[in-house]
Amino acid sequence: MRGGRLTRETLAAIERWVAREGIECLYFLADSGDPETAPLAEESGFRLVDLRVTLERRGGGPGAVSSAGPPAAAAPAGGAAGTGGGRGPETTAGTPVRVRPATAADLPELRRLAAASHRDSRFYHDPHFDRRRCDALYAGWIEKSCADPAGIVLVAGVPDPAGRPAGYITGTIGEDGEGRMGLLAVAAAARGRGVGGELIAAVLDWFAGRGADPVSVVTQGRNVRAQRIYQRFGLLTRSVELWFHRWWPPAPSPEDGER
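Student: Please explain the packing of helix H4 (residues 107-117) against helix H5 (residues 131-146) as it appears in this structure.
Tutor: Axis angle and axis distance: for two packed helices, these are the angle between their axes and the distance between the axes, and together they describe the pair. The interhelical angle for the contact between H4 and H5, taken along N-to-C directions, is 140°, at an axis separation of 7 Å. In terms of axis orientation, H4 runs oblique to H5. Viewed along their axes, H4 and H5 form a crossing whose handedness is right-handed. Here Leu-107, Leu-110, Arg-111, Ala-114 and Ala-115 of H4 come into contact with H5, specifically with Asp-135, Tyr-138, Ala-139, Gly-140, Ile-142, Glu-143 and Cys-146.

Student: I tried to follow the packing of aromatic side chains on my own but got confused; where do I start?
Tutor: Each aromatic ring pair is described using two quantities: the centre-to-centre distance and the angle formed by the ring planes. Considering all chains together, one arrives at 9 aromatic pairs under this definition. An angle of 70° between the planes, with centres 5.9 Å apart, marks the rings of Tyr-27 and Phe-123 as edge-to-face. Of this pair, Tyr-27 sits in strand E1 (residues 25-31) while Phe-123 is found in the loop between H4 and H5, placing the two residues 96 residues apart along the sequence. Note on Tyr-27 and Trp-243: the rings are 6.5 Å apart at their centroids and 85° apart in plane angle, and the pair reads as edge-to-face. Placement of the pair is Tyr-27 in strand E1 and Trp-243 in strand E8 (residues 236-247), with a sequence separation of 216 residues. Here Trp-243 falls in the buried class, since its relative accessible area comes to 16%. Among the aromatic residues, ring-to-ring pairing joins Tyr-27, Phe-123, Phe-129, Trp-243 and Trp-247 into one connected group. Over the face of the ring belonging to Tyr-27 we find Arg-122, whose NZ or CZ atom lies 4.5 Å from the ring centre.

Student: When you look at the pattern of salt bridges in this model, what are you seeing that I'm missing?
Tutor: It is possible for side chains of opposite charge to pair when their charged atoms get near one another. Within this structure, the stated rule accounts for 17 salt bridges. Between Arg-180 and Asp-176 there is a salt bridge; the shortest N-O distance is 2.9 Å. Assessed through its relative accessible area of 52%, Asp-176 is described here as exposed. The network of salt bridges with shared partners includes Glu-56, Arg-58, Asp-176, Glu-178, Arg-180 and Arg-238.

What counts and what doesn't
Residues numbered from 1 in each chain as written. Predicted model: local features only at pLDDT ≥ 70, side-chain atom pairs only at ≥ 80, totals over all residues. Heavy atoms only, no water. Axes fitted to C-alpha atoms, helices over the stretch in contact; angles between N-to-C directions. Helix = DSSP H or I, 4+ residues; strand = E, 2+ residues; numbered from the N terminus. Parallel < 35°, antiparallel > 145°, perpendicular 65-115°, else oblique. Left-handed = near helix turned anticlockwise from the far one by under 90°. Contact = heavy atoms within 4.5 Å. Phe/Tyr/Trp six-rings, centres within 6.5 Å; stacked < 30°, edge-to-face > 60°. Buried < 20%, exposed > 50% of the residue type's maximum accessible area, 1.4 Å probe, protein only. Lys NZ or Arg CZ within 6 Å of the ring centre and 35° of its normal. Salt bridge = Lys/Arg side-chain N within 4 Å of Asp/Glu carboxyl O.

Here is the structure:
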């Protein structure tokens, strides 16, 4: 559902469309600045499930990340702290982090990591969704990102006996020239080693080298740790929107009427 604002007339139109199309669940991204929309949404059965926070950085250019990076005292976000822009520095644990493009051989581990890493998302906070289907959503998402010729998936590695990626970040550049960071995840065993910060620095370098400006990222309102690390890389809040979900009972099947 698009538009960001509700009126009683649009709600009536929604009800007609839902009945006609047999919709069971509707997502609504609401304008947080409209004082009438949220009360109308809740009155009509929508449930607030998340805040959508968009952060943005403008004016990046080649070398802008590597030469500056985040402040040296950056605290962990999701357990990972930024350590600067150059590839392969020492982490807080003294172990080098290497960032490189993902390969086909990484995909099984990336799918496994994605299925376990995005529990702050709105889907996991809506009890109507089966958690296994949420896991599968993110596993499929990272797989599609790896196959996207217009984007990049970067993986970070620290010494690991099995050679598994310690984390990943995705990025795309839109037709409008805006760079968009997508999924970011760090394996639980690699947190606290600077992996998340290195991945962000690397994708910002990738954007800068292609002239992408501005660069943006979307995260959850409840994911304060992620917001903090993005802010340390110069991304500031551009907008805050409200995610609502509404569910309708499944339409009865013909067999139901025969019982």
